[in-house]
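Coordinates in review
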Amino acid sequence: MNKSLISLGLATAVVSGCASTDIPKPLAEVEHQYQLMSNNEMANRHAATPLRAAGKSVSEAKTAWQDGNEKSMAHQVYLAERMLGVVEHEIDIADMEAQFKNADMVRAGLVLQGKNSELTQKNQELKELKKELEKMGSKQNSEGNVLTLGDVLFAFDDHKLQPGAKPTVRKVADFLNAHENTRVVIEGYTDSLGSEEYNVGLSVKRAQSIQKALVKAGVTNERITVKGYGESNPVASNKSAVGRQHNRRVEVVLLSENETYESPTVARVN
């Protein structure tokens, strides 16, 4: 046999043997991608099932390559690539959901911040309104959401608004028109002079007079509820003229959009 041919055959065998130890590029690439994904927290948290399936296919692809089964190896590489694609898709979805959740939290925070700011401004305006009503002769109580309109608005034993009552009602209407989500309950009260039945009727009529004046000033009637409690729930003693004057009053209860109204507990006349 020709020595040169023998030498060429040995060289070919050596080269072929060396080449057979190199992992095919598709298998090497998919294995590398799998290793990266295995160290990815998002992949393990949100795509554990397809990640395990990809790992299994990579392992079977290596076994097939070692056994010289290129067709099986190629199939397992294909399956591994598909599963890794699913993993990436699941990560994208999880990331998108996280962004939406964060955006919703930010949006909710901004809404809350805006509402708190609006509430702060409203409370400040309410304090200023109470001060103005005090100056106009209506003594205010301590409840933050109640405006007291005193007897200065009505003549004795009468339910018609006096001419000088217009500025007072206008102030209340301006506040309500500036806060259109605020509803009101108008509660009428009297002193203890006269019968209880008569006083209840008078208190209702006085509350209705305030209601009509507010509607005329632009407050929608749907936002207003009228109640009459007569001589009950006095804020001062009925034994003096000054005390009776304080008890002859109309109270405007301010309610937020979803706030429920609770009728006051009827107290004994003093």
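Everything below is about the structure shown above.
Residues numbered from 1 in each chain as written. Predicted model: local features only at pLDDT ≥ 70, side-chain atom pairs only at ≥ 80, totals over all residues. Heavy atoms only, no water.

**Overview of the pairing of strand β4 (residues 249–255)**
Just so we agree on the cut-off: Whether a residue is buried, partly exposed or exposed follows from its accessible area with a 1.4 Å probe, protein chains only, as a fraction of its type maximum: under 20%, in between, or over 50%, in that order. Secondary structure counts use DSSP, requiring at least four H or I residues in a row for a helix and at least two E residues in a row for a strand, with both numbered from the N terminus. By this definition, two strands are paired if DSSP reports at least two bridges between them.
Burial runs high along β4: seven of the seven residues are buried. Bridge count between strand β1 (residues 146–149) and β4: four bridges; the pairing is antiparallel. Bridging from a neighbouring strand, Leu147 pairs with Val252 of β4. Where strand β2 (residues 183–189) and β4 come together, seven bridges link them in antiparallel fashion. Bridged to Glu187 within β4 is Glu251.

**Considering the packing of aromatic side chains**
Where we set the bar: Geometry of aromatic contacts follows a simple scheme: Phe, Tyr and Trp rings, the Trp one being its six-membered ring, pair when their centres are within 6.5 Å, and the pair is stacked under 30 degrees between planes, edge-to-face over 60, tilted otherwise. Only when the NZ of Lys or the CZ of Arg is both within 6 Å of the ring centre and within 35 degrees of the ring normal is a charge said to sit over the ring.
Counted by the stated rule, this structure contains one aromatic pair. Each ring, one from Tyr189 and one from Tyr229, has its centre 5.5 Å from the other, and the planes form 20°; the classification is stacked. Of this pair, Tyr189 sits in strand β2 while Tyr229 sits in the loop between β3 (224–228) and α8 (241–247), and the two are 40 residues apart along the sequence. Above the ring of Tyr189, the side-chain terminus of Arg249 is found at 4.0 Å from the ring centroid.

**Quick look at helix α4 (residues 48–66)**
Applicable threshold: By this rule, a helix spans an expected 1.5 Å times one less than how many residues it contains.
An ideal rise of 1.5 Å per residue puts 27 Å on 19 residues; α4 measures up with 27 Å between its terminal C-alpha atoms. Restricting attention to buried positions, one finds in α4 the residues Pro50, Leu51, Ala54, Gly55, Ser57, Val58, Ala61 and Ala64. In the segment just after α4, Gly68 is the residue with positive phi, at about 80°.

**Re the sheet that holds β1**
Going by this rule: Every angle, taken between N-to-C directions, lies between 0 and 180 degrees, and every axis is a line fitted to C-alpha atoms, over only the stretch in contact when it is a helix. Working rule for contacts: check all heavy atoms of both residues, and any pair within 4.5 Å makes them a contact.
Judged by pairing direction, the sheet is mixed, and its four strands sit side by side in the order β1-β4-β2-β3 without closing on themselves. Two strands close off the open sheet at either side, each with one partner strand: β1 and β3. Sheet twist, expressed as the mean angle between neighbouring strand axes with direction ignored, is 20°. By the bridge criterion, five bridges tie β2 to β3 in an arrangement that is parallel. Opposite Ile186, over in β3, you have Val226 as the bridge partner. The strands that helix α6 (residues 166–178) touches are β1, β2 and β4; relative to β1, the one it contacts most, it runs at about 160°. With respect to the sheet, helix α7 (residues 196–216) is in contact with β1, β2, β3 and β4, its orientation differing from that of β3 by roughly 160°.

**What about the nonpolar core?**
Convention followed: By nonpolar core is meant a set of buried Ala, Val, Leu, Ile, Met, Phe, Trp, Tyr and Cys residues that side-chain atoms within 4.5 Å join together.
Grouped together as the largest cluster of nonpolar side chains are 24 residues, with contacts concentrated most on Leu147, Leu149, Leu176, Ile210, Leu214 and Leu254. Sorting the residues of this core by element identifies α5 (70–135), β1, α6, β2, α7 and β4 as the ones contributing at least two each. Looking at this core, the element that brings in the most residues is α6, giving five residues. Leave out the neighbours within four places in its chain, and Leu176 touches Thr182, Val184, Leu214, Val219, Arg223 and Leu254. Judged by nonpolar contacts, the second largest core, of 16 residues, contains Leu51, Ala64, Ala80 and Ile91.

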